[in-house]
Amino acid sequence: MNIRSFRGPKKEKEIFMKKEEKELFFELCRFQEADGQKIQQYLAAGADTPAVLGHLLFNRMGGIAYSVLLKNELLPKVNREFRNTLKGVYIQNIQRNKSYFSCVHSLARTLEKCRGSYVMLKGAYLCGYYPRGCRTSNDIDILVHPSDLYLVEEALQKDGFRQGYIRNETFVSAQRKDIISSRIMRGETVPFIKEVNLPQMKFLEVDVNFSLDYKNGQGDTVKKIISGASERCAAGKRIPLPSGDDFFIHLCEHLYKEAAAYPWIEMRRDMTLYKFCDIYALLYDRDPRQNDALIERVRELGTQEACCYAVYAVKELLGIPKAAEQLLECLKPEDTAFLHEVITPHDRGRAVYLQKDIKKRFWTTDRRTLLKEEQQ
């Protein structure tokens with residue numbers, strides 16, 4: 001197992017920022033209930049620093065931060081370079097999403113003969129769900145039952161998609177070993193890529209998932225999600241999407257897959273805040289009277305740990321409404337050790353976080369230093 005062991009958290013590894021800077025960062029991300037007065041106080045204290053700006057961009061929260069400042073009429077109080085950078089991101093997001101929505105609708109046409117075999121996920125819906133300019137996506141994720149993979153792959157290949165990667169703005173074909181490894185280790189195919197040459201989007205990448213996490217033995221769960229799907233409106237046109245509860249559950253599973261798997265921690269992609277913000281956004285719009293149905297569905301699909309982790313982590317980082325607090329209590333099992341555990345998919349090794357405070361984990365530069373390997 002490739003996890004370094006430490007006796008305890010390394011304090012020197014924590015990102016050095018003043019309390020006001022950290023608080024301003026999170027307040028600018030809480031677009032559902034941002035406190036304008038607090039933001040104004042942090043700005044008056046000079047918290048709009050390059051460090052805060054950098055973390056907003058690194059976590060793909062620049063568009064949301066600009067929207068929050070605009071809504072609270074606080075843009076004139078922000079440092080000019082800070083403000084103009086966020087404005088540039090916000091405008092670019094709007095332009096990019098025009099290209100992205102065009103690709104989503106084009107992909108739906110490409111997969112017309114595969115209806116009932118797949119659903120679209122994540123950004124295909126969320127980019128239009130958020131306020132304008134707040135959410136973008138680098139790719140289109142779809143969920144396919146393993147038995148129908150060949151249908152979807154064939155349709156994509158006929159439309160000019162090839163499997164591979166974008167490196168230095170150039171397409172590189174995937175090797176056979178990459179294709180096999182991705183299916184076994186990640187529950188997804190190597191990305192299908194097509195050059196589209198649209199504004200802000202040279203290539204379109206389609207990620208084909210056939211499992212909810214790094215495992216690939218969830219055929220029944222995937223089948224249930226696809227069978228419960230329906231055509232819903234996304235950016236003005238109808239596309240196949242999971243039911244509301246299933247869409248939420250998949251987001252939780254995806255977040256948990258990355259937060260609790262060592263390879264993502266190693267790549268520093270385990271706690272990118274926009275993924276937590278997606279769940280935060282949906283929690284605020286949920287009707288609390290639907291909690292019982294969601295809990296029943298979570299238990300039916302066997303996704304209790306993932307959903308519990310996601311809601312708990314969002315509570316710690318961004319805060320959640322009271323109805324979601326009740327949801328969390330119902331989801332939380334007696335043993336919550338999994339909230340602080342990490343696995344290595346290739347050998348099913350396990351490690352535990354010595355730092356139990358999720359917000360402190362977030363502000364740690366290298367979270368590998370917070371892990372200690374558990375003996376098998």
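Structure shown above.
Now for a look at the structure at hand. Worth saying up front: this structure is predicted, and the values here are computed from it rather than measured. (Residues numbered from 1 in each chain as written. Predicted model: local features only at pLDDT ≥ 70, side-chain atom pairs only at ≥ 80, totals over all residues. Heavy atoms only, no water.)

### Regarding the environment of Glu 329
Step number 1: Within the fold, Glu 329 resides in helix H15 (residues 322-331).
Step number 2: Glu 329 sits 294 residues away from Asp 35 along the chain, and the two C-alpha atoms are 26 Å apart. (Helix = DSSP H or I, 4+ residues; strand = E, 2+ residues; numbered from the N terminus.)

### Remarks on the packing of aromatic side chains
Two numbers describe a pair of aromatic rings. These are the distance of the centres and the angle of the planes.
Step number 1: In total, this model carries 15 aromatic pairs according to the counting rule given.
Step number 2: Between Tyr 125 and Tyr 129, the aromatic rings sit 5.6 Å apart at their centres with planes inclined by 35°, giving tilted as the arrangement. A residue pair is termed a helical-turn pair when its members lie 3 or 4 positions apart in one helix, as Tyr 125 and Tyr 129 do in helix H6 (residues 123-129) at 4 residues.
Step number 3: When its relative accessible area of 18% is taken as the criterion, Tyr 125 is described as buried.
Step number 4: On the basis of relative accessible area, Tyr 129 is assigned to the partly exposed category, the value being 25%.
Step number 5: The ring centre of Tyr 353 lies 4.1 Å from the NZ or CZ of Arg 361, which sits over that ring. (Phe/Tyr/Trp six-rings, centres within 6.5 Å; stacked < 30°, edge-to-face > 60°. Buried < 20%, exposed > 50% of the residue type's maximum accessible area, 1.4 Å probe, protein only. Lys NZ or Arg CZ within 6 Å of the ring centre and 35° of its normal.)

### With respect to the sheet that holds strand S6 (residues 201-209)
Step number 1: An order of S1-S2-S6-S5-S3-S4 is seen for the 6 strands of this open sheet, with the pairing classed as mixed. Looking at strand neighbours, the two that pair on one side only are strand S1 (118-121) and strand S4 (170-173), the edges of this open sheet. In this sheet, adjacent strand axes meet at a mean angle of 35° when their direction is disregarded.
Step number 2: Sheet topology note: the strand S2 (residues 140-144)/S6 ladder contains 4 bridges and is parallel. What sits directly across from Asp 141, in S6, is Asp 207.
Step number 3: Sitting on the sheet, helix H7 (residues 149-158) is in contact with S2, strand S5 (192-198) and S6, with an inclination near 165° to S6. (Pairing = 2+ DSSP bridges. Axes fitted to C-alpha atoms, helices over the stretch in contact; angles between N-to-C directions. Contact = heavy atoms within 4.5 Å.)

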